[in-house]
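One letter stands for each residue in the lines below.
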Amino acid sequence: MKPILAVENIASSLVTTLWTPIFFAIFIAIVTYALWPRHKAAFDEAANMPLREE
């Protein structure tokens with residue numbers, strides 16, 4: 001039973017030390033992209049798309 005627990009601890013450490021900061025950085029990049037003022041016009045146009053009558 002100990003080898004299984006060792007693999008589980010290694011996997012847990014790997015997720016905590018590697019993937020958490022990577023996903024946090026990806027999240028920050030997405031939020032920065034969405035809130036960047038240059039993209040506001042495109043997002044406003046996309047938000048109004050369902051309301052347009054053509």
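Described below are features of the structure shown in this document. Each chain carries its own residue numbering, running from 1 in the written order of its sequence. Given that the model is predicted, a residue must reach a pLDDT of at least 70 before its local features are reported, and side-chain atom pairs must reach 80 or more before they are shown or counted; all residues, however, enter totals for whole chains, interfaces and linings. Computation of side-chain values covers all heavy atoms of the structure but excludes hydrogens and water.

1. A closer look at the overall build of the chain
- Helix and strand counts for the chain come out as two helices and zero strands.
- Each residue gets one of three labels from its accessible area relative to the maximum for its type: buried under 20%, exposed over 50%, partly exposed in between, using a 1.4 Å probe on protein chains only. Considering the chain as a whole, with its 54 residues, one finds that 2% of them fall into the buried category.
- The protein chains shown are the only cover counted for residues, whose accessible areas, like all others here, come from Shrake-Rupley with a 1.4 Å probe. Summing over all exposed atoms, the chain offers an accessible surface of approximately 5,200 Å²; the carbon and sulfur share of this is 73%. For the purposes of this entry, the term helix denotes a DSSP run of H or I that reaches at least four residues, the term strand denotes a run of E that reaches at least two, and both are numbered from the N terminus.

2. Some thoughts on the pattern of salt bridges
- Between Lys or Arg on one side and Asp or Glu on the other, a salt bridge is scored when a side-chain nitrogen of the former is within 4 Å of a carboxyl oxygen of the latter. Counted by the stated rule, this structure contains one salt bridge.
- Two residues, Asp-44 and Lys-40, come together in a salt bridge whose shortest N-O distance is 2.9 Å. Within this pair, Asp-44 and its partner Lys-40 are both found in helix 2 (residues 40-48), separated by four residues, close to a single helical turn.
- Taking the relative accessible area as the measure of exposure, Asp-44 reaches 36% and is therefore partly exposed.

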